[in-house]
Amino acid sequence: MLPELIPLQGAATVGLVIGALVLVVVIASLLSAVEIVDAYEKRALTVFGEYRKLLEPGINIIPPFVSRTYRFDMRTQTLDVPRQEAITRDNSPVTADAVVYIKVMDAKKAFLEVDDYKKAVSNLAQTTLRAVLGDMELDDTLNKRQEINAKIRKELDEPTDEWGIRVESVEVREVNPSKDVQRAMEQQTSAERKRRAMILEAQGERRSAVEKAEGDKQSEIIRAQGEKQSQILEAQGDSISTVLRARSAESMGERAVIDKGMDTLTEIGQSESTTFVLPQELTSMVGRYGKHLSGSDVESDGTELDSLEFDEETRELIGLDDIAEIIGEIDQEAEMDLEEMEKQAQAIKEGKDAGTISDPDDVIEEMDQSFEGGEGQTQTQTETESETKTETDS
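Fair warning: this is a prediction, and the values are worked out from it, not measured in the lab.

Chemist: Could you clarify how one ought to interpret the pattern of salt bridges in this entry?
Modeler: It is possible for side chains of opposite charge to pair when their charged atoms get near one another. Per the stated rule, a full pass over the model turns up 15 salt bridges. Here Arg 196 and Glu 192 are joined by a salt bridge, their closest N and O atoms 3.3 Å apart. You can see Arg 196 and its partner Glu 192 sitting in helix 6 (residues 179-270), 4 residues apart, about one turn around the helix. The network of salt bridges with shared partners includes Glu 35, Glu 41, Arg 43 and Arg 71.

Chemist: Please explain the environment of Arg 83 as it appears in this structure.
Modeler: Relative to the helices and strands, Arg 83 resides in strand 6 (residues 77-87). Sequence separation of Arg 83 and Arg 173 is 90 residues, and the distance between their C-alpha atoms is 9.8 Å. In this structure the side chain of Arg 83 is engaged in a polar contact, spanning 3.4 Å, whose partner is the side chain of Thr 95. Side-chain polar atoms of Arg 83 contact the side chain of Glu 174, separated by 3.1 Å.

Chemist: Looking at this structure, I do not really get a negative patch on the surface. What am I missing?
Modeler: On the surface, a cluster of negative charge is made up of Glu 113, Asp 135, Glu 155, Glu 158, Asp 161 and Glu 162. Tracing the backbone through its elements, the reader meets Glu 113 in the loop between helix 2 (107-112) and helix 3 (117-134).

Chemist: Just to check I follow, could you spell out the environment of Ile 165 for this structure?
Modeler: Among the secondary structure elements, Ile 165 is positioned in strand 8 (residues 165-177). Given the relative accessible area of 1%, Ile 165 is considered buried. Placed 63 residues apart in sequence, Ile 165 and Ile 102 show a C-alpha to C-alpha distance of 6.7 Å. With sequence-adjacent residues up to four places away left out, Ile 165 is seen in contact with Ile 102, Lys 103, Val 104, Ala 110, Tyr 117, Val 121 and Thr 160.

Chemist: I tried to follow the confidence of the model for the protein on my own but got confused; where do I start?
Modeler: It should be kept in mind that the predicted coordinates are not to be read in detail where pLDDT is low. Per-residue pLDDT for the protein has a mean of 75; in total, 58% of the residues score no lower than 70. Between residues 296-308, whose pLDDT stays under 50, and residues either more than four places distant or in other chains, the model counts 17 contacts. Every residue in residues 377-394 scores below 50 in pLDDT, and together they form 18 contacts with partners more than four places removed in sequence or on other chains.

Chemist: Explain the side chain of Thr 128 here, please?
Modeler: Following the sequence through the fold, Thr 128 ends up in helix 3. Look at Thr 128 and you get buried, because its relative accessible area is 8%.

Chemist: Help me understand the packing of aromatic side chains, please; the structure alone is not making it clear to me.
Modeler: Aromatic rings in a pair are described by how distant their centres are and how their planes are angled relative to each other. For the coordinates displayed, the defined rule picks out 4 aromatic pairs. Geometrically, the ring pair formed by Tyr 51 and Phe 111 is tilted, given 6.0 Å between the ring centres and 35° between the ring planes. Highlighted residues: Tyr 51 in strand 3 (residues 50-55) and Phe 111 in helix 2, separated in sequence by 60 residues. Classification of Tyr 51 as partly exposed rests on a relative accessible area of 21%. You can call Phe 111 partly exposed: its relative accessible area is 21%.

Parameters at a glance
- Residues numbered from 1 in each chain as written.
- Predicted model: local features only at pLDDT ≥ 70, side-chain atom pairs only at ≥ 80, totals over all residues.
- Heavy atoms only, no water.
- Salt bridge = Lys/Arg side-chain N within 4 Å of Asp/Glu carboxyl O.
- Helix = DSSP H or I, 4+ residues; strand = E, 2+ residues; numbered from the N terminus.
- Polar contact = N/O pair within 3.5 Å; in protein donor to acceptor, adjacent residues only side chain to side chain.
- Patch = residues over 30% accessible without salt bridge, like charges linked within 9 Å, V, L, I, M, F, W, Y side chains within 5 Å.
- Areas by Shrake-Rupley, 256 points an atom, 1.4 Å probe, with all protein chains shown as cover.
- Lys, Arg positive; Asp, Glu negative; His and termini not counted.
- Charge placed at Lys NZ, Arg CZ, Asp CG, Glu CD.
- Buried < 20%, exposed > 50% of the residue type's maximum accessible area, 1.4 Å probe, protein only.
- Contact = heavy atoms within 4.5 Å.
- pLDDT = per-residue confidence, 0-100.
- Phe/Tyr/Trp six-rings, centres within 6.5 Å; stacked < 30°, edge-to-face > 60°.

Quick look at the structure:
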């Protein structure tokens, strides 16, 4: 019995091993036949080394054990271009580095046309960067960054299109000349700034001098105009003052003669003599003022005396109107005194008390005092008005 059981147990063990192996193979086949692709990528499928197709995002079934896939990221990728040394057109050494932004547009070309598209684009960007910098002068490499970027991108577009790659952008990060060139540029910049500062300072000084000269000129013009106006006004004032003084002197001289003549006439009136001698000046002025005093002309030997016409200002200065008022007051007082004397004479005739009768000398003295008081008051008023007029004209 025992020899018969041993072969049966060995067969069972072998069957279990074979079943386990088959299960493992089936599981491995299933795992190898299922390919999961992410949403942002594509994968190239090869079977026995032959390109078959591009696997799209999601779950893909492929032949197990004999298939291989190659992953391609379809997003924009960044490639750093290492620092490169170049010699510009004007023989100035510079160093520069850049960044290149690329995107896989055709994964099949990127798989079949180029070995490693990232490395290929990076090497191509390095050589293109050196070539572009070598065709430019130093100042252009430092100032025309956008032009350098455009040239590099243009040079990269044609070969990368054959690889299914699109260069979206190229940015040059730094362009640095050598230390000796940098030192010379710093000295040049410093000298240029000093030159500009000196120019600006000179322009400021010149502008200040011009403004000062203009101000002095305007000041001198205004001062000259003021002096001219002051001299004109002073001359006009002197002229007016001279005329007024002449008129005042003339009128006051004639007034003095008239006053003296009137005093003489008063004394003549009190004298008992019948022969009178009058000064020629008095008779001449009496003839001149006759028309103003009496309103009529005086004739002598059939010839009309010349009379002088005065305007309102001259009449006010010499006091003609005041003289007429004084004479009118004298006549009125004389009439009143004559009436009083007639009343007193009639009282004496009738035998009445003569104690209230005034002495003739007293009456004449009162008339003289009244005349002198009225004349003095009138002369004072005339002088006050003359001074007021002179100040107003000035």
